[in-house]
Amino acid sequence: MGRCSWVPEPAQSNDIKAMLDLWRSIPGLGLGWGDEEDRLQVFLARNPSTCQVLKDGARVIGTILGGYDGRRGYVYHLAVHPDYRRRGCGTALVKKVTEEFTKLGVKKIHLFVFGTNEAAIKFYQCTGWLLRGDIKVFTRDTDETEKGCGC
Ligand SMILES: CC(C)(COP(=O)(O)OP(=O)(O)OC[C@H]1O[C@@H](n2cnc3c(N)ncnc32)[C@H](O)[C@@H]1OP(=O)(O)O)[C@@H](O)C(=O)NCCC(=O)NCCS
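Residue positions are given per chain, counted from 1 along the sequence in the order it is written. For a predicted model such as this one, the threshold for reporting local features is a pLDDT of at least 70, and the threshold for listing and counting side-chain atom pairs is 80 or more; totals across whole chains, interfaces and linings nevertheless cover every residue. Side-chain measures were taken over the full set of non-hydrogen atoms in the model, leaving aside hydrogen atoms and water.

Peer 1: Explain the overall build of the chain residue by residue, including any values.
Peer 2: When helices and strands are tallied, the chain shows four helices and five strands. Only DSSP runs of H or I reaching four residues or more are called helices, and only runs of E reaching two or more are called strands; each is numbered from the N terminus. Listing each helix as α and each strand as β along the chain from the N terminus yields β-α-α-β-β-β-α-β-α. Taken along the three principal axes of its C-alpha coordinates, the chain extends 55 × 35 × 35 Å. Accessible area is worked out with a 1.4 Å probe on protein chains only. A residue is then buried under 20% of its type maximum, exposed over 50%, and partly exposed in between. Considering the chain as a whole, with its 151 residues, one finds that 34% of them fall into the buried category. At a minimum sequence separation of 6, the contacts of the chain that also span at least 24 residues come to 62%. When charges are counted, neither His nor the chain ends are considered; positive counts come from Lys and Arg and negative counts from Asp and Glu. By convention, the point assigned to a charge is CZ for Arg, NZ for Lys, CD for Glu and CG for Asp. Side chains of the chain give 22 positive and 18 negative charges; the mean places of these two sets differ by 8 Å. Note on definitions: a residue-residue contact is assigned when non-hydrogen atoms from the two residues lie within 4.5 Å.

Next up, the structure:
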C-alpha cells in the first residue's frame, strides 16, 4: 500500500463517459438503474465533494461515488483499473471520501458488495471495514404494486 502517486479529485460531468467505460470493463461491478449518464449527472451534482476520480494524465484510473442522504454516507462503484491495483489507490479513494463525508458530519458509512466479489470483500476487510452479519438487505422497485404479505 501507499504507492499510489495519483491524487483523488472531484468527479466532473465530463468524466462520466470515462467512468462508465471503466466500470463496464470490470466484471463484478454491478451496473444498474442509476448508471445512465443523466442519472449520474444528478448524483454528482448532489454529491460534489464525495464523488472522486483518480486520473493518470487524462485517463480515469479510479473512481468512487459517495452519496450522503442526510443520515448516512453510502459508497458505490469503488473501482481501480486492473493495471493500477495493489498500489494503495483504492485505499486513497476511500480515505478521501471518508474525509469528505466527515466534513459533512457523517458518522457512519455503508456499502454493498456482491457476496461473490471476493477481491472487494478482502479489500474492505483488510482496510478496516466491518462485515455486518446482523443486517439483511431488502429491496423493491418503486413501480411495484402493493402485494401485501408475501409470507
Ligand atoms: C477492490 C479494489 C477497488 C481495490 O483497489 P486497489 O487499488 O487494488 O486496493 P489497495 O491497493 O488500496 O489495497 C489495499 C489492501 O486491500 C487488500 N486487497 C486489495 N485487493 C485485494 C485482493 N484482490 N486480494 C486480497 N487482498 C486485497 C490488500 O491487503 C491491500 O494491501 P496490499 O496490496 O498492501 O496487500 C479493486 O480490486 C477493484 O477495482 N476491484 C473491482 C471493482 C470492485 O469490485 N469494486 C468494489 C465494488 S463494491
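Peer 1: For the packing of aromatic side chains, give the residues involved together with the corresponding values.
Peer 2: The rule is short: rings of Phe, Tyr and Trp, with Trp giving its six-membered ring, pair when the centres are within 6.5 Å, and they are stacked under 30 degrees, edge-to-face over 60, tilted in between. According to the stated counting rule, one finds five aromatic pairs in the structure shown. Seen from their ring centres, Tyr-74 and Phe-112 are 6.3 Å apart, and the 15° between their planes marks the pair as stacked. Taken together, the residues span a long stretch of sequence, with Tyr-74 in strand β4 (residues 73-80) and Phe-112 in the loop between β5 (109-111) and α4 (118-126) at a distance of 38 residues. Ring geometry for Phe-123 versus Tyr-124: centroids 5.1 Å apart, planes at 75°, classification edge-to-face. Here Phe-123 falls in the partly exposed class, since its relative accessible area comes to 22%. You can call Tyr-124 buried: its relative accessible area is 10%. Ring pairing ties together the aromatic residues Phe-123, Tyr-124 and Trp-129, which thus form one cluster.

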